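Architecture at a glance
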Amino acid sequence: MATIKNIVLVHGGFVDGSGWQGVYDHLTADGYRVSVVQNPTLSLAGDVAATHQVLDGLDGPAVLVGHSYGGAVITEAGSHPQVAALVYVTAFAPDKGESVNSLIADPPPGAPVPPILPPRDGFLFLDQDKFAASFAADVPEKVAEFMADSQVPWGVEALEGVISAPAWRTKPSWYLVATDDRMIPPPAQRAMSERANSTVTETPGSHAVYVSRPAVVAAVIAQAAEGTDSPS
């Protein structure tokens, strides 16, 4: 099996692509060519289009990586012919007809409730005072404060975007479960990864595990890159 050298990183909601820097540094040091998608986060269709733009510019197959809501993006965008494999980093992995909204609509009893504020002009934010505890509990305090203060407005329409053809049904996938996540409960992560027949790794970490433990995240991505045939 040939190693895939192109990696495309897709961020989730409330944040932008700069949080991938630590993962980017590890992967590029190991010789991978890494691109980061900046989702507009206005709609799922718009974020899929932004991801396809990046994939269209590559010179070969890629591993497509999504964090959180980015998992919904890669699930829909991953049917692109350049995509050889998918990596979900504590991410949503919806099936056909599902959306992030439908996946979070009925949380199990006792599950932590993300501190999402009521929509404002069609956009969502997390409560800044509760951001660190819910999203980034294992990130240095100053970094978590910056993440809270630099939140990206997350369009309600993006949450409601429905998957038409889940790429994990036809492409191999890997999943990193963050066992201390207070945004997507670990049992939900395990259920989605099992349904997708993903190769699963578990690690202690918050929802921002890609910031707090970039070497672990990069290792899972490298595993996907090394264990994947080029798309036919």
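Please refer to the structure placed before this passage.
This text gives an overview of the structure that appears in the document. What you see is a predicted model; the values in this text were computed from it and never measured. (Residues numbered from 1 in each chain as written. Predicted model: local features only at pLDDT ≥ 70, side-chain atom pairs only at ≥ 80, totals over all residues. Heavy atoms only, no water.)

Across its full length, the chain carries 10 helices and eight strands. Relative to the globule expectation of 17 Å for 232 residues, the C-alpha radius of gyration of the chain, 16 Å, shows essentially globular dimensions. Along the three orthogonal principal directions, the C-alpha set of the chain runs to about 45 × 35 × 30 Å. Contacts in the chain between residues at least 24 apart in sequence constitute 72% of all its contacts with a sequence separation of at least 6. Once the 12 positive and 25 negative side-chain charges of the chain are each reduced to a mean point, those two points are 4 Å apart. (Helix = DSSP H or I, 4+ residues; strand = E, 2+ residues; numbered from the N terminus. Rg over C-alpha atoms; globule rule 2.2 N^0.38 Å. Contact = heavy atoms within 4.5 Å. Lys, Arg positive; Asp, Glu negative; His and termini not counted. Charge placed at Lys NZ, Arg CZ, Asp CG, Glu CD.)

So, about unusual backbone geometry. You will see that F14, though not glycine, has its phi angle at about 75°, which is positive. Positive phi values are uncommon outside glycine, yet D121 reaches one of about 55°. Looking at the element boundaries, D121 is found in the loop between helix 4 (100-104) and strand 5 (123-124). Owing to a relative accessible area of 75%, D121 belongs among the exposed residues under this scheme. (Buried < 20%, exposed > 50% of the residue type's maximum accessible area, 1.4 Å probe, protein only.)

A word on the packing of helix 5 (residues 128-135) against helix 6 (residues 141-149). When two helices pack together, their arrangement is captured by the angle between the axes and the distance separating the axes. Direction vectors running N to C along helix 5 and helix 6 enclose 125°, while the axes themselves pass 9 Å from each other. In terms of orientation, helix 5 and helix 6 fall into the oblique class. For the crossing formed where helix 5 meets helix 6, the hand is right-handed. On the side of helix 5, the interface is formed by Q128, F131, A132 and F135, while helix 6 contributes A144, M147, A148 and D149. Here the contact of helix 5 with helix 6 is composed, by residue class, of six nonpolar, one polar and one charged. (Axes fitted to C-alpha atoms, helices over the stretch in contact; angles between N-to-C directions. Parallel < 35°, antiparallel > 145°, perpendicular 65-115°, else oblique. Left-handed = near helix turned anticlockwise from the far one by under 90°. Nonpolar A, V, L, I, M, F, W, Y, C, P; charged D, E, K, R; others polar.)

The next thing to look at is the packing of aromatic side chains. For any pair of aromatic rings, the description rests on two quantities: the centre-to-centre distance and the angle between the ring planes. Here the structure, examined in full by the defined rule, presents five aromatic pairs. Between Y69 and W154 the ring centres are 5.4 Å apart and the planes differ by 55°, which places this aromatic pair in the tilted class. In this pair, Y69 sits in the loop between strand 3 (62-67) and helix 3 (70-77) while W154 sits in strand 6 (residues 154-155), placing the two residues 85 residues apart along the sequence. With relative accessibility at 5%, the residue W154 sits in the buried group. Residues Y88 and Y175 carry aromatic rings whose centres are separated by 6.0 Å and whose planes lie at 15° to one another, so their mutual orientation is stacked. Note that Y88 is positioned in strand 4 (residues 83-89) and Y175 in strand 7 (residues 173-178), a separation of 87 residues in sequence. By relative accessible area, which is 0% here, Y88 ends up buried. (Phe/Tyr/Trp six-rings, centres within 6.5 Å; stacked < 30°, edge-to-face > 60°.)

On to the pattern of salt bridges. Two side chains that carry opposite charge are able to pair once their charged atoms sit near each other. Here the structure, examined in full by the defined rule, presents five salt bridges. Of the charged contacts, one joins R169 and D95 as a salt bridge, the two residues approaching to 2.6 Å between their closest N and O atoms. Taken together, the residues span a long stretch of sequence, with R169 in the loop between helix 7 (156-159) and strand 7 and D95 in the loop between strand 4 and helix 4 at a distance of 74 residues. Of the residues examined, R169 reaches a relative accessible area of 53% and is grouped as exposed. By relative accessible area, D95 is classed as buried at 13%. Where E202 meets R190, a salt bridge forms, and the shortest distance between an N and an O atom there is 2.7 Å. You can see E202 sitting in strand 8 (residues 199-203) and its partner R190 sitting in helix 8 (residues 186-195), a full 12 residues away along the chain. Residue classification places R190 among the partly exposed residues on the basis of a relative accessible area of 33%. (Salt bridge = Lys/Arg side-chain N within 4 Å of Asp/Glu carboxyl O.)

Glancing now at the nonpolar core. Formed by 72 residues in total, the largest nonpolar core has its most connected members in I7, V63, F135, Y210 and I221. Residues in contact with I221, not counting those within four places in the same chain, are I7, L9, V23, L27, V63, V65 and V87. (Core = buried A, V, L, I, M, F, W, Y, C linked by side-chain atoms within 4.5 Å.)

A few words now on the layout of surface pockets. Counted as a void, the largest pocket has a volume near 500 Å³. Around the largest pocket, the lining is made up of 26 residues, and of these F92, L103, I104, M183 and P185 lie nearest the centre. Mapped by element, the contributors of at least two residues to the lining of the largest pocket are helix 4 and helix 8. Residues that form the lining of the largest pocket fall into these classes: 22 nonpolar, three polar and one charged. Here the second largest pocket is characterised by a volume of approximately 180 Å³. Around the second largest pocket sit F14, V15, D16, S18, G19, V143, F146, M147, S150, Q151, Y210 and V211, which together line it. (1 Å grid on protein atoms, 1.4 Å probe; cavity = no way out; pocket = protein on both sides within 12 Å on 5 of 7 lines; lining within 4 Å. Points joined across faces, edges and corners; volume = space filled by probe spheres on them.)

Geometry only, nothing functional implied.
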